[in-house]
Amino acid sequence: MKSQAFACAALLLVTACGQKDEAAAPADASYQETLMSQLLDAQPGDTIEIPEGRFAFDRSLSLTVDGVTIKGAGMDKSVLSFAGQIAGAEGLFVTANDFTIEDLAIEDTKGDALKISEAENVIIRRVRTEWTGKPKTENGAYGIYPVQVKNLLMEESVAIGASDAGLYIGQSQNVVIRNNRAEYNVAGIEIENTFDADVYGNVATNNTGGILVFNMPNLKQPGARTRVFNNEIYENNTKNFGLEGTPVASVPAGSGVVINSNDEVEIFDNDIRDNKTANVIVSSFYSSGFSEDGMQSDFDPYPQGVYVYGNSFDGGGDNPDGLKLQALKIAVAGPLGRIPDVLWDGYVDPALTGASDVLCVQNGEAKVLNVDGPNDNKSPQVAEDGVHDCAFDKLPAISLTGPLSGL
């Protein structure tokens, strides 16, 4: 599982390992007008090349022209610094189809670093987004933030320090997220209200939660059919620094993979270890702490068809976040024990037949803890052998289409 694809050296992700060889050079402010003009004057088919250097920006950049490529000299060589940003909600905001961005970094934005909205055929490759100080609520919410995107490839990129999600894919379709690194974010990688996503070859560590697959109400579309596989998801124990009232603010520190209200999710062949609350959490909207007031009537709050198999689990569950989870651990495992690898809130859609419609686990000695959420956690217990010994039909691999075919 610990292949060269996971190594910082192999990916040349120097900053992703939390190390910088020397203090950052002063940023050059003279390049701002040049790049803004290039983005404004761009024509379909253009490649905008960002030279090596560190460049200062005090306002957002935007692109609205289809068929443009933005290319730097490397994520540690072409750095767009927004540390002095005084205007705009993002670093770079793109509303354009057939868009590629690669080999650059966006640092210290006031809001989201890179946002791409309502686009088709998007490639994000070797892009680093980072807030260079310590993790804090005042950091921007999202690092790399494609939303309402169809046909998306995100690879070999890095997200550090986001106060919501480092790599967030929302309300999108046909998505491949591979060989990235997410570290010191609240959510490392989050797939939300998205159909048909493959998430593989990534490293998620030192976040509050490693990889999240969520469905939330009152958005333009629900989501389903996500495969999370061949990832390293370890030591996601950073204290939650999300903004109070946001969905991720309720994620307990020490969460490896979290599935909330989502259907047809496969978690397999991952290396998941040392996440102090639980290596895998499966929950419904009713455990999120959010009010049901105003929730759309057709929203499905229950997870269904979650399939956990073939993962390597080690450690974790030994020091869960918060007094309630600490008490839960002591109740089911004693003061020196640990929460089993899979924690389930116990909610079942009344239209289903039972637990085996929600969650199947075929993962060696891994156990499931049912926390009995529907009864206010009065009778949590480790599921008996056989309760979750079932299987769902496996999902097909995602095939990128159109100009992304074959990538």
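Throughout, a residue's number is its position along its own chain's written sequence, starting from 1. Totals for whole chains, interfaces and linings use all residues, but because this is a predicted model, local features are given only for residues with pLDDT of at least 70 and pairs of side-chain atoms are given and counted only at 80 or more. Side-chain figures throughout are based on the complete set of non-hydrogen atoms in the structure, without hydrogens or water.

Caption draft 1: Representation of empty space enclosed by the protein. Here a cavity denotes a set of grid points, spaced 1 Å apart and computed over the protein atoms alone, in which a 1.4 Å probe fits but from which it cannot get out, and a pocket denotes an open set meeting protein on both sides within 12 Å along at least five of seven lines; residues with an atom within 4 Å of a point are reported as lining. Grid points are joined across faces, edges and corners, and a volume is the space filled by probe spheres set on the points. Under the counting rule described, the total for this entry stands at 1 cavity of 30 Å³ or more. Its boundaries defined by the atoms lining it, the largest cavity holds a volume of some 40 Å³. Residue lining of the largest cavity: Leu35, Leu39, Ile50, Leu61, Ile70, Leu80, Leu92, Ile101 and Leu104, and that is the complete set. Each helix corresponds to a stretch of at least 4 residues labelled H or I by DSSP, and each strand to a stretch of at least 2 residues labelled E; elements are numbered beginning at the N terminus. Breaking the lining of the largest cavity down by element, the ones donating at least two residues are helix H2 (31-41) and strand S7 (99-107). Under the convention adopted here, Pro, Cys and the residues Ala, Val, Leu, Ile, Met, Phe, Trp and Tyr are nonpolar, Asp, Glu, Lys and Arg are charged, and Gly plus all remaining residues are polar. Of the residues in the lining of the largest cavity, the class split is 9 nonpolar, no polar and no charged.

Caption draft 2: Layout of the pattern of salt bridges. By definition, a salt bridge exists where a carboxyl oxygen of Asp or Glu is found within 4 Å of a side-chain nitrogen of Lys or Arg. Tallied over the entire structure, the rule returns 18 salt bridges. Salt-bridge contacts for aspartate 103 lead to lysine 71; the nearest nitrogen and oxygen are separated by 3.3 Å. Taken together, the residues aspartate 103 in strand S7 and lysine 71 in strand S4 (residues 69-71) connect sequence positions 32 residues apart. Between arginine 225 and aspartate 196 there is a salt bridge, and its shortest N-O distance comes to 2.6 Å. Placement of the pair is arginine 225 in strand S18 (residues 224-229) and aspartate 196 in strand S15 (residues 195-200), with a sequence separation of 29 residues.

Caption draft 3: Highlighting the packing of aromatic side chains. Two rings from Phe, Tyr or Trp (for Trp, the six-membered ring) form a pair when their centres are within 6.5 Å of each other. A pair whose planes differ by under 30 degrees is stacked, one over 60 is edge-to-face, and the rest are tilted. A full pass over the atoms with the stated rule returns 13 aromatic pairs. On the numbers, 4.5 Å between centres and 40 degrees between planes, the contact of tyrosine 31 with phenylalanine 55 is tilted. Residue tyrosine 31 is found in helix H2, and its partner phenylalanine 55 is found in strand S2 (residues 53-56); the two are separated by 24 residues along the sequence. Classification of tyrosine 31 by relative accessible area gives buried; the value is 9%. With a relative accessible area of 6%, phenylalanine 55 lands in the buried category. Centre to centre, the rings of tyrosine 200 and phenylalanine 229 are 4.9 Å apart; their planes meet at 20 degrees, and the pair counts as stacked. A residue pair is termed long-range when its members are at least 10 positions apart, and tyrosine 200 in strand S15 and phenylalanine 229 in strand S18 qualify at 29 residues. Accessible area is worked out with a 1.4 Å probe on protein chains only. A residue is then buried under 20% of its type maximum, exposed over 50%, and partly exposed in between.

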